[in-house]
Amino acid sequence: MKRITLILKTSEVLPVRKAACIAGANHIVVHTMSHREYALVPIQHVSPEDELVKLDVMVVDSHFDEVVSTILTTAHFGKIEKISSINAKHALFSFSELAA
């Protein structure tokens, strides 16, 4: 299982989330970013009313290529911050912990 962490504008979260689900993503979690984290991301075309968020997409290895391709074609502004491999037991535990 892989975890893809993206940085997106809030206006792009819904289309990217829908497209990733259709492509085969298992779990998607949206995190707000603090303005302190904005300094770490090179931002050029973000309007004041459009904030940045982090999107964590969990996907099994067999659907990884389709999900990444879909994300890259759907997001006009977006940056893949990190791609990491995780085991399925840890992923299910961390998401159930977030839901509680």
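For every chain, the first residue of its written sequence is number 1, and the numbers climb from 1 along that sequence. Local features in this predicted model are restricted to residues whose pLDDT is 70 or higher, and side-chain atom pairs enter the listing and the counts only when it is 80 or higher, whereas totals over whole chains, interfaces and linings include all residues. To obtain the side-chain values, all non-hydrogen atoms of the structure were used and water was disregarded.

**Details of the environment of Val67**
Runs of E in the DSSP output that reach at least two residues are strands. Runs of H or I that reach at least four are helices, and both are numbered from the N terminus. Looking at the secondary structure, you find Val67 in helix α3 (residues 64-74). Exposure categories follow from relative accessible area, calculated using a 1.4 Å probe and restricted to protein chains: below 20% of the type maximum is buried, above 50% is exposed, and the middle band is partly exposed. Using a relative accessible area of 0% as the deciding quantity, one classes Val67 as buried. Counting along the chain gives 46 residues from Val67 to Cys21, while the straight-line C-alpha distance between them is 8.2 Å.

**Remarks on the environment of Ser69**
Looking at the secondary structure, you find Ser69 in helix α3. The partly exposed category is assigned to Ser69, whose relative accessible area is 41%.

**Concerning the confidence of the model for the chain**
pLDDT is a residue-level measure of predictor confidence that goes from 0 to 100. Per-residue confidence for the chain averages 79 on the pLDDT scale, and 72% of its residues sit at or above 70. Scored below 50 in pLDDT, residues 91-100 makes eight contacts in the model with residues more than four places away or belonging to other chains. Residue contacts are defined here by distance: any two heavy atoms, one from each residue, within 4.5 Å place the two residues in contact.

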